[in-house]
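Here are the chains, one letter per residue:
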Amino acid sequence: MAGYDDRDGVIWLDGKLVPWRDANVHILTHAMHYASSVFEGERAYNGKIFKSRAHSERLIASAEALDMPMPYSLDEIEAAKEEILKASGLQDAYVRALVWRGSGDDMGVASAKNPVHMAIAVWPWGAYYGDAKMQGAKLDIAEWKRPSPETIPVHAKAAGLYMICTISKHKAEAKGCSDALFMDYRGYVAEATGANVFFVKDGEVHTPLADCFLNGITRQTVIQMLKDKGITVHERRIKPEEMADFEQCWLTGTAAEVTPVGQIGDYTFEVGDMAREIAEDYEKLVRS
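Residues numbered from 1 in each chain as written. Predicted model: local features only at pLDDT ≥ 70, side-chain atom pairs only at ≥ 80, totals over all residues. Heavy atoms only, no water.

> Just give me the short version of the overall build of the protein, but keep the residues and values in it.
A count of helices and strands for the protein gives seven helices and 15 strands. Over its C-alpha atoms the protein spans a radius of gyration of 19 Å, differing by no more than 12% from the 19 Å that the globule rule assigns to 288 residues. In terms of principal-axis extent, the alpha carbons of the protein reach across some 55 × 40 × 35 Å. Out of the 288 residues in the protein, the part that is buried amounts to 49%. Considering only contacts within the protein whose residues lie at least 6 apart along the sequence, 68% involve residues at least 24 apart. Split by element, the accessible area of the protein, about 13600 Å² in all, is 51% carbon and sulfur. Measuring between centres, the 32 positive side-chain charges of the protein sit 0 Å from its 43 negative side-chain charges. (Helix = DSSP H or I, 4+ residues; strand = E, 2+ residues; numbered from the N terminus. Rg over C-alpha atoms; globule rule 2.2 N^0.38 Å. Buried < 20%, exposed > 50% of the residue type's maximum accessible area, 1.4 Å probe, protein only. Contact = heavy atoms within 4.5 Å. Areas by Shrake-Rupley, 256 points an atom, 1.4 Å probe, with all protein chains shown as cover. Lys, Arg positive; Asp, Glu negative; His and termini not counted. Charge placed at Lys NZ, Arg CZ, Asp CG, Glu CD.)

> Which residues make up unusual backbone geometry, and what values go with them?
One non-glycine residue with positive phi stands out, namely Asp14, at about 50°. Its place among the elements puts Asp14 in the loop between β1 (10-13) and β2 (16-19). Of the residues examined, Asp14 reaches a relative accessible area of 31% and is grouped as partly exposed. Phi is positive for Ala35, close to 60°, though the residue is something other than glycine. Summarising the element assignment, Ala35 is placed in the loop between α1 (30-34) and β3 (37-45).

> Summarise the pairing of β1; cite the residues concerned and give the values.
With four bridges connecting them, β1 and β2 associate as antiparallel partners. Considered in β2, the bridge of Ile11 is made with Val18. Taking the residues between adjacent antiparallel strands as the criterion, β1 and β2 are bridged by two residues, where Asp14 takes a positive phi near 50°. Inspection of the sheet shows β1 paired to strand β6 (residues 116-123) by two bridges, in the antiparallel sense. (Pairing = 2+ DSSP bridges.)

> Talk me through the nonpolar core; I want residue IDs and the actual numbers.
By size, the foremost hydrophobic cluster in this structure holds 25 residues, and its most contacted members are Trp12, Val38, Leu59, Val99, Met118 and Ile120. Every element with two or more residues in this core is listed here: β3, α2 (52-65), α3 (74-88), β5 (93-101) and β6. Broken down by element, this core gets its largest block of residues, five residues, from α3. (Core = buried A, V, L, I, M, F, W, Y, C linked by side-chain atoms within 4.5 Å.)

> Break down the packing of aromatic side chains for me, with residues and values.
For any pair of aromatic rings, the description consists of the separation of the ring centres together with the inter-plane angle of the planes. Counted under the stated rule, the structure contains 12 aromatic pairs. Residues Tyr94 and Trp123 carry aromatic rings whose centres are separated by 5.1 Å and whose planes lie at 50° to one another, so their mutual orientation is tilted. With a gap of 29 residues between them, Tyr94 in strand β5 and Trp123 in strand β6 connect regions that are remote in the sequence. The two residues Tyr94 and Trp123 agree in class, both being buried. (Phe/Tyr/Trp six-rings, centres within 6.5 Å; stacked < 30°, edge-to-face > 60°.)

> Go over the packing of helix α6 (residues 217-228) against helix α7 (residues 273-286) with me, naming the residues and quoting the values.
Where α6 contacts α7, the two axes come as close as 11 Å, and the packing angle between them is 110°. Accordingly, the angle class assigned to the pair α6 and α7 is roughly perpendicular. Taken as a pair, α6 and α7 cross one another with a handedness that is right-handed. Together, Thr218, Thr221, Val222, Met225 and Leu226 of α6 and Met274, Ile278, Asp281, Tyr282 and Leu285 of α7 make up the contact between the two elements. Residues belonging to the contact of α6 with α7 are distributed by class as follows: seven nonpolar, two polar and one charged. (Axes fitted to C-alpha atoms, helices over the stretch in contact; angles between N-to-C directions. Parallel < 35°, antiparallel > 145°, perpendicular 65-115°, else oblique. Left-handed = near helix turned anticlockwise from the far one by under 90°. Nonpolar A, V, L, I, M, F, W, Y, C, P; charged D, E, K, R; others polar.)

> Account for the packing of α2 against α3, with residues named and values stated.
Across the interface, α2 lies against α3 with an axial gap of 10 Å and an inter-helix angle of 125°. Judged on the interaxial angle alone, α3 and α2 are oblique. The handedness of the crossing between α2 and α3 is right-handed. Judged by residue contacts, Ser52, Arg53, His55, Ser56, Glu57, Leu59 and Ile60 of α2 engage Leu74, Asp75, Ile77, Glu78 and Lys81 from α3. Residue classes in the contact of α2 with α3 are distributed as four nonpolar, three polar and five charged.

Okay, here's the thing in structure tokens:
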């Protein structure tokens, strides 16, 4: 497949369907210099975007957190996603909605005079971690930590928050790992670079409290699925050394879906029945 800048098709850009190769921005776009952008990653299954409205609501909230006035309403965003998905001709696809400060009168840190733009692109994207759903993904432990809520809007899906994710994932892949696990600013287990993490012990599930990182939509979905099964879920602060006693582990995210984990650093986990079952149940749910 060609690079992401050289494909056939169209991208929804500021209310119009633009040929894929022509969907460009100016080099002095504010977001390129100061990370003034927010985004959503979504998946469509059988021609329908899973939890579409929840993603659009979070996109608007993220833009508000970065002081960017949204140029489109919730219903307009929903209509735009339907339009571009239909135009793509895809039934199963990844959907990327992006909002950013463009070029304009301001080129310093402040950018209130610059227009806010929005784009939505759709493309095919298979399993995020390849065959890890069968074998269990292998994770490195990142040297960086998720920041304190006092330092940055941690609950916004903002581009700037992913800088340390890129660095950490590159280092993990260089070690033969699929991803990296972050600790938070206090030293507790937080999340992977683009996915939330779950652990199993004695038939109960433990997952880090989302008080300084994104409370993923897939995370929320899986927690409810587990509770509906009568499984106890503990949302709490987890010390790194506790991973030695956990039996199973998996990651959740729009791209990751539900992916079992076999190893994090020196800690190993069984790709067990609960991890496999929740992955299978999630697959059924998104296609129902």
